[in-house]
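# Secondary and tertiary structure notes
This is what each chain is made of:
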Amino acid sequence: MTDALLSPVALEARLQEIGAERYHDRHPFHHLMRDGKLTRGQVQAWALNRYYYQARIPAKDAYLVARLPTPALRREWRRRLIDHDGDSEGMGGIARWLRLTDGLALDRDYVVSTVGLLSATRFAVDAYVNFVRDRSLLEAVASCLTEMFSPQIIAERVGGMLKNYNFITADTLAYFAPRLTQAPTDVAFALGYVKEHADTQEKQAQVLDTLRFKCDVLWAQLDALHFAYVEPGLIPPGAFVPTDRER
């Protein structure tokens with residue numbers, strides 16, 4: 001629990017400190033990918049596993065929408081569902097992510113089936129979805145605050161991958177361009193909600209712990225990828241096995 005009730009400005013500063021310490025832009029796997037030091041197969045493994053996170057975001061948001069008490073709040077959060085699911089076939093963030101896996105020569109049916117996932121990916125993502133379903137509404141909203149830090153990692157990832165991999169194109173990475181405008185809009189609402197409703201020491205402590213948890217969810221996914229596909233390279237039974245190990 002915090003030592004004293006924080007002002008909204010001080011609460012945001014504490015959240016920024018957590019991001020600076022724990023966000024997954026600090027993870028070695030991100031650095032390897034950004035700097036062009038992964039093989040094509042390792043990038044495939046990342047895209048395939050990250051698909052599960054992308055695909056489950058609308059489920060997480062649907063749980064949250066169902067709990068919001070007013071039409072205005074539901075309209076605001078419903079926009080996130082459309083951003084990811086689209087409002088017609090082939091549109092939205094999930095469809096754009098599948099363009100990425102298509103561009104990496106992964107079979108789309110295989111990706112969508114999720115049979116090749118690392119078990120740690122599934123456990124981490126499911127823990128996030130269940131957290132939003134089961135914890136307080138304030139904590140559910142606060143779990144989205146990692147979006148405060150996403151524009152930086154997107155810029156690093158896109159720039160580095162376009163520069164360093166000849167099998168990556170701007171079209172392959174089309175998922176990320178809309179997120180540079182969507183994420184700041186999303187986080188402005190979530191941060192405003194948290195600042196308004198985290199009005200006790202206990203609630204502020206919950207918000208800070210929630211951001212730590214969400215950073216852990218993202219970090220754990222890269223830990224699993226690094227362990228399975230980089231060092232020591234122990235791919236668990238049933239998980240995706242790259243055939244292309246050349247950069």
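Presented here is a report on the structure given in the accompanying data block. As the structure is a computational prediction, the values presented were derived from the model and not from experiment. (Residues numbered from 1 in each chain as written. Predicted model: local features only at pLDDT ≥ 70, side-chain atom pairs only at ≥ 80, totals over all residues. Heavy atoms only, no water.)

### Comments concerning the nonpolar core
Worth spelling out the cut-off: To form a nonpolar core, buried Ala, Val, Leu, Ile, Met, Phe, Trp, Tyr and Cys residues must be joined to one another through side-chain atoms within 4.5 Å. Think of it in three bands: with a 1.4 Å probe and only protein chains considered, a residue is buried below 20% of the maximum accessible area for its type, exposed above 50%, and partly exposed in between. Contact definition: two residues touch when any of their heavy atoms are within 4.5 Å.
Leu15, Trp46, Leu145 and Val194 are the most contacted members of the largest nonpolar core, which totals 73 residues. Beyond its immediate sequence surroundings of up to four residues, Trp46 is in contact with Phe29, Met33, Trp97, Leu100, Arg157, Met161, Phe176, Leu222 and Leu225.

### Overview of empty space enclosed by the protein
Stated precisely, the cut-off is as follows: With a 1 Å grid laid over protein atoms only, a set of points is called a cavity when a 1.4 Å probe fits there but cannot get out and a pocket when it is open yet has protein on both sides within 12 Å along at least five of seven lines; lining residues have an atom within 4 Å of a point. Grid points are joined across faces, edges and corners, and a volume is the space filled by probe spheres set on the points. Secondary structure elements are taken from DSSP: a helix is a run of H or I of four residues or more, a strand is a run of E of two residues or more, and numbering for both begins at the N terminus.
Under the criterion given, the structure shown has two cavities of 30 Å³ or more. The calculated volume of the largest cavity comes to roughly 320 Å³. Around the largest cavity sit 25 residues that line it, and Arg50, Tyr53, Glu147, Ser150 and Arg179 are the ones nearest its centre. Taken together, the elements giving at least two residues each to the lining of the largest cavity come down to α3 (40-67), α4 (71-85), α9 (150-164), α10 (176-197) and α11 (201-229). Looking at which element gives the most residues to the lining of the largest cavity, the answer is α3, with six residues. Quantified by volume, the second largest cavity comes out at close to 70 Å³. Contributing to the lining of the second largest cavity are His24, Trp46, Asn49, Arg50, Leu218, Gln221, Leu222 and Leu225.

### Digging into unusual backbone geometry
Omega for the bond connecting Glu231 with Pro232 falls within 30 degrees of zero, at 5°, which places this linkage in the cis form. By the secondary structure assignment, Pro232 is in the segment after α11. Backbone geometry places Ala105, a non-glycine residue, at a positive phi of 65°. Relative to the elements of secondary structure, Ala105 occurs in the loop between α5 (93-103) and α6 (108-113). Exposure remark for Ala105: the relative accessible area of 51% places this residue in the exposed category. In this structure, Thr114 takes a positive phi of about 60° despite not being glycine. Summarising the element assignment, Thr114 is placed in the loop between α6 and α7 (119-134).

### Describing α5
Counting buried positions along α5 yields eight of eleven residues, so the element is predominantly enclosed. By the burial criterion, the buried members of α5 are Gly93, Ile94, Ala95, Arg96, Trp97, Leu98, Leu100 and Thr101. Each element contacted by the buried residues of α5 is listed here: α3, α4, α6 and α10. Ala105 occupies a position one or two residues after α5 and carries a positive phi of about 65°.

### So, the pattern of salt bridges
In plain terms, the rule: Within this document, salt bridges are pairs made up of a side-chain nitrogen of Lys or Arg and a carboxyl oxygen of Asp or Glu, the two lying within 4 Å of each other.
Inspection of the entire model under this criterion finds 15 salt bridges. A salt bridge links Arg79 to Asp186; the shortest N-O distance between them is 2.8 Å. Of this pair, Arg79 sits in helix α4 while Asp186 sits in helix α10, and the two are 107 residues apart along the sequence. Its relative accessible area of 25% is what places Arg79 among the partly exposed residues. The buried category is assigned to Asp186, whose relative accessible area is 2%. Among the ionic pairs, Arg99 bridges to Asp171, the shortest N-O distance being 2.4 Å. Of this pair, Arg99 sits in helix α5 while Asp171 sits in the loop between α9 and α10; the two residues are 72 residues apart in sequence, bridging distant segments of the chain. Among the charged side chains, a salt-bridge network with shared partners connects Glu76, Arg79, Asp83 and Asp186.

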